Amino acid sequence: RLLVVQSRAIQVVEIDTCEVVQTLIQYPSNSSAVVLTSANPANRENKIVFSEYTRSNRSDVIKVLDVDTGDVREIVQGGQNPSFSPDDRKITYLGDNGIYVTGVTGGGKQLIVLMSQKEVQGQAPPFPYFSPDGRKLVYHKCLRADCLSLSDFGLFVFDLDTKVETKIADGGLYPSWIK
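Residues numbered from 1 in each chain as written. Predicted model: local features only at pLDDT ≥ 70, side-chain atom pairs only at ≥ 80, totals over all residues. Heavy atoms only, no water.

**Student:** An account of the pattern of salt bridges is requested, with residue identities and associated values reported.
**Tutor:** Enumeration over the complete set of coordinates arrives at 7 salt bridges. A salt bridge links Arg1 to Glu14; the shortest N-O distance between them is 3.1 Å. Residue Arg1 is located in the segment before β1 (2-5), and its partner Glu14 is located in strand β2 (residues 9-14); the two are separated by 13 residues in the primary sequence. Residue Arg1 is classed as exposed on the basis of its relative accessible area, which comes to 63%. Given the relative accessible area of 21%, Glu14 is considered partly exposed. (Salt bridge = Lys/Arg side-chain N within 4 Å of Asp/Glu carboxyl O. Helix = DSSP H or I, 4+ residues; strand = E, 2+ residues; numbered from the N terminus. Buried < 20%, exposed > 50% of the residue type's maximum accessible area, 1.4 Å probe, protein only.)

**Student:** Quick one: what's the story with the nonpolar core, residue by residue and with numbers?
**Tutor:** Counting residues in each nonpolar core, the largest one holds 13 residues, and the members touching the most others are Leu137 and Tyr139. Those elements that provide at least two residues to this core are β10 (98-103), β11 (110-114), β13 (136-142) and β14 (153-159). Residue contacts for Leu137: discarding those within four places in its chain leaves Thr92, Ile99, Val101, Ile112, Tyr129, Phe130, Phe156, Val157, Phe158, Leu160 and Trp177. In this structure, Ile10, Val12, Ile25 and Tyr27 belong to the second largest nonpolar core, which totals 12 residues. (Core = buried A, V, L, I, M, F, W, Y, C linked by side-chain atoms within 4.5 Å. Contact = heavy atoms within 4.5 Å.)

**Student:** Provide a residue-level description of the layout of surface pockets, including the pertinent values.
**Tutor:** Looking at the largest pocket, its volume works out to about 270 Å³. Asn43, Phe84, Tyr129, Phe130 and Lys179 are the residues nearest the centre of the largest pocket, which is lined by 15 residues in total. Its residues assigned to classes, the lining of the largest pocket comprises 8 nonpolar, 6 polar and 1 charged. Space inside the second largest pocket adds up to approximately 220 Å³. Every residue lining the second largest pocket is counted, 18 residues in all, and those nearest its centre are Lys90, Val101, Phe130, Gly134 and Leu160. Within the residue set of the lining of the second largest pocket, elements represented by two or more residues are β10 and β11. Counting residues per element, the lining of the second largest pocket draws most heavily on β10, which supplies 3 residues. (1 Å grid on protein atoms, 1.4 Å probe; cavity = no way out; pocket = protein on both sides within 12 Å on 5 of 7 lines; lining within 4 Å. Points joined across faces, edges and corners; volume = space filled by probe spheres on them. Nonpolar A, V, L, I, M, F, W, Y, C, P; charged D, E, K, R; others polar.)

**Student:** So, the environment of Arg144: which residues are in play, and what are the values?
**Tutor:** Mapped onto the elements, Arg144 comes out in the loop between β13 and β14. Exposure remark for Arg144: the relative accessible area of 41% places this residue in the partly exposed category. Between the C-alpha atom of Arg144 and that of Glu119, which follows or precedes it by 25 residues, the distance is 9.4 Å.

**Student:** Run through the pairing of β1, naming residues and quoting values.
**Tutor:** Alignment of β1 against β2, held across 4 bridges, turns out to be antiparallel. Looking at the pairing, Leu2 lines up with Val13 of β2. Hairpin connection from β1 to β2: 3 residues lie between these consecutive antiparallel strands. (Pairing = 2+ DSSP bridges.)

**Student:** I'd like a rundown of the pairing of strand β3 (residues 19-26), residues and numbers included.
**Tutor:** Inspection of the sheet shows β2 paired to β3 by 6 bridges, in the antiparallel sense. In the strand pairing of β3, Ile10 is matched with Ile25.

**Student:** Provide a residue-level description of the packing of aromatic side chains, including the pertinent values.
**Tutor:** Counted by the stated rule, this structure contains 3 aromatic pairs. Ring centres of Phe127 and Tyr129 lie 5.1 Å apart, and the angle between their planes is 5 degrees; on these two criteria the pair is classed as stacked. Note on Tyr139 and Phe156: the rings are 6.1 Å apart at their centroids and 10 degrees apart in plane angle, and the pair reads as stacked. A residue pair is termed long-range when its members are at least 10 positions apart, and Tyr139 in strand β13 and Phe156 in strand β14 qualify at 17 residues. Looking at Phe156, the relative accessible area reads 7%, which means it is buried. The lysine or arginine in question, Lys109, covers the ring of Tyr100, its NZ or CZ lying 5.2 Å from the ring centre. Above the face of the Phe156 ring, Lys141 is positioned so that its terminal group lies 4.6 Å from the ring centre. (Phe/Tyr/Trp six-rings, centres within 6.5 Å; stacked < 30°, edge-to-face > 60°. Lys NZ or Arg CZ within 6 Å of the ring centre and 35° of its normal.)

Put into C-alpha cells, the structure is as follows:
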C-alpha cells in the first residue's frame, strides 16, 4: 500500500489495483484555501505527520493525524516536509530558516541546520529524514545562486551528536535512508 498526498486529500492506495483503500484527510473540493503538501507515516505507531499550506495567511503548518482515532493535532506553524524519528518521539522538518527537530507535541523545537531563504524557498525545498538509528539527518541543499539542475544541489548528512554537517555528494535531490 502507498500513502498518497493530493492537494486536498491524504489517501491509502492499494498498489496492485490503484484503488483508494482509505481516505485519511479530505478537504472540500471547492476549497482552495488549504493545500496538503507532504505526508509521512510513523515507524511504529499508526500516525501520519503532514504539512499543509494555508493560502489566506501564506503559512505552512505541520500536523499529526492519529489514524486509529481520526484526531488531528497541530504541532508546528511555519514548517513543511516533516518526517518521524525511528522511535516516533521526534519530528524533523524544514522551517522558515532551516531544518528543525522537535518533539511530537511540538515542544523542544531546535534549529539544527541554518539555511538561506534561497535554500528554504527554492525550486526544490529540502526534505530531511532521520537515519535508522535516529542519530543523523540526511537532506539536500542548493549550492548555487539559481538551482535549476541536479548538479546545482548537494547531499548532506548532519550528525545530531557531534553537530557536524558533512557534504556526501554533489548533485541529487531528496535522499532518504534504506532501512
